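Analysis of the macromolecular model
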Amino acid sequence: MLTDISLLRHERRGAAAALSLLLATGCVLLLCRPPPTAVAAQSPSVHNRATSGRAAAKKDSPLLFFAMGDWGGGSRFMPTTRSQLANGDGMATVASWMGVTPAFVMAVGDNFYECGVADVESRRFASTFEAAFSQPALQVPWYAIAGNHDHCGNVSAQLAYAAQRRGTARWRYPHLWYTFTERAPSGATVQIVYIDTVVLAGMPQEEGEPGVVAEQYAPHPAQRLGPEQLAWLEA
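Residues numbered from 1 in each chain as written. Predicted model: local features only at pLDDT ≥ 70, side-chain atom pairs only at ≥ 80, totals over all residues. Heavy atoms only, no water.

This brings us to the nonpolar core. Inside soluble globular proteins, nonpolar side chains tend to come together where they are buried. In this structure, Phe-133, Trp-142, Trp-171, Tyr-173 and Tyr-194 are the most contacted members of the largest nonpolar core, which totals 46 residues. Looking at this core, the elements with two or more residues in it are strand E5 (65-68), helix H1 (82-98), strand E6 (104-107), helix H2 (124-130), strand E7 (142-144), helix H4 (155-163), strand E9 (178-183) and strand E10 (189-196). In this view, Phe-133 contacts Met-68, Trp-71, Gln-84, Gly-88, Met-91, Thr-128, Leu-138, Gln-139, Trp-142 and Arg-170; residues no more than four positions away in its chain are not counted. (Core = buried A, V, L, I, M, F, W, Y, C linked by side-chain atoms within 4.5 Å. Buried < 20%, exposed > 50% of the residue type's maximum accessible area, 1.4 Å probe, protein only. Helix = DSSP H or I, 4+ residues; strand = E, 2+ residues; numbered from the N terminus. Contact = heavy atoms within 4.5 Å.)

Okay, structure coming up:
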């Protein structure tokens with residue numbers, strides 16, 4: 001998966017800030033807003049989750065979260081890698097050093113190398129995800145989106161794993177594209193928007209040397225949902 005910072009807008013005085021990370025197969029948009037003068041109470045939900053579990057946090061505490069892509073092991077023959085385990089230990093160490101439990105983790109694609117998972121019973125959920133990131137600090141919601149390697153397999157199985165609350169019930173993946181909002185202890189809000197660019201443009205394919213993505217993407221059956229996703233984005 002290739003990563004490209006495509007948009008960075010920041011207005012002084014905290015008026016607005018947006019960061020869009022375009023991935024080879026997915027896009028994540030973060031919208032940060034300052035705290036309103038009066039903050040209405042909100043009930044936690046998948047798509048709009050207040051800091052209910054962190055209500056006692058100090059107002060100057062940061063909204064800590066982790067984001068990672070290309071993290072899904074090596075293959076079905078090597079479902080867990082040393083670097084993957086080191087990442088989990090590193091995230092837990094950072095959380096301990098900062099003295100803040102992360103609010104969530106963003107799993108932004110290529111969740112299961114080399115070719116996704118076959119079904120919801122796949123042992124990869126346990127080996128590549130649950131066991132590899134078992135640290136207490138990481139027992140928080142993991143918001144996932146599919147990468148091209150996931151679309152090589154059965155993405156609906158990843159959706160089902162979330163819907164059925166399998167394993168530790170951390171896996172959050174309600175739709176191929178979705179949004180959710182988090183609130184920092186200061187009252188500022190962060191809205192994260194996930195889109196699936198395989199649905200919009202097809203599968204990226206290498207051209208010539210490894211790592212060079214061809215201008216023409218390969219067609220994918222998920223593209224039939226492209227108009228629906230665009231309509232959702234523009235609504």
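What follows picks up the thread again.
Using the criterion set out here, one finds 19 aromatic pairs in the structure. Summarising the aromatic geometry, the rings of Phe-125 and Tyr-161 are spaced 4.0 Å apart at their centres and angled 5° between planes, so their arrangement reads as stacked. Here Phe-125 is found in helix H2, whereas its partner Tyr-161 is found in helix H4, with 36 residues between them in sequence. Summarising the burial analysis for this pair, Phe-125 and Tyr-161 share the class buried. Ring geometry for Tyr-178 versus Phe-180: centroids 6.4 Å apart, planes at 25°, classification stacked. Relative accessible area serves as the criterion here: at 0%, Phe-180 is assigned to the buried category. In this structure an aromatic cluster arises from ring pairing among Trp-71, Phe-112, Phe-125, Phe-129, Phe-133, Trp-142, Tyr-161 and Trp-171. (Phe/Tyr/Trp six-rings, centres within 6.5 Å; stacked < 30°, edge-to-face > 60°.)

This is a description of form; function is not addressed.
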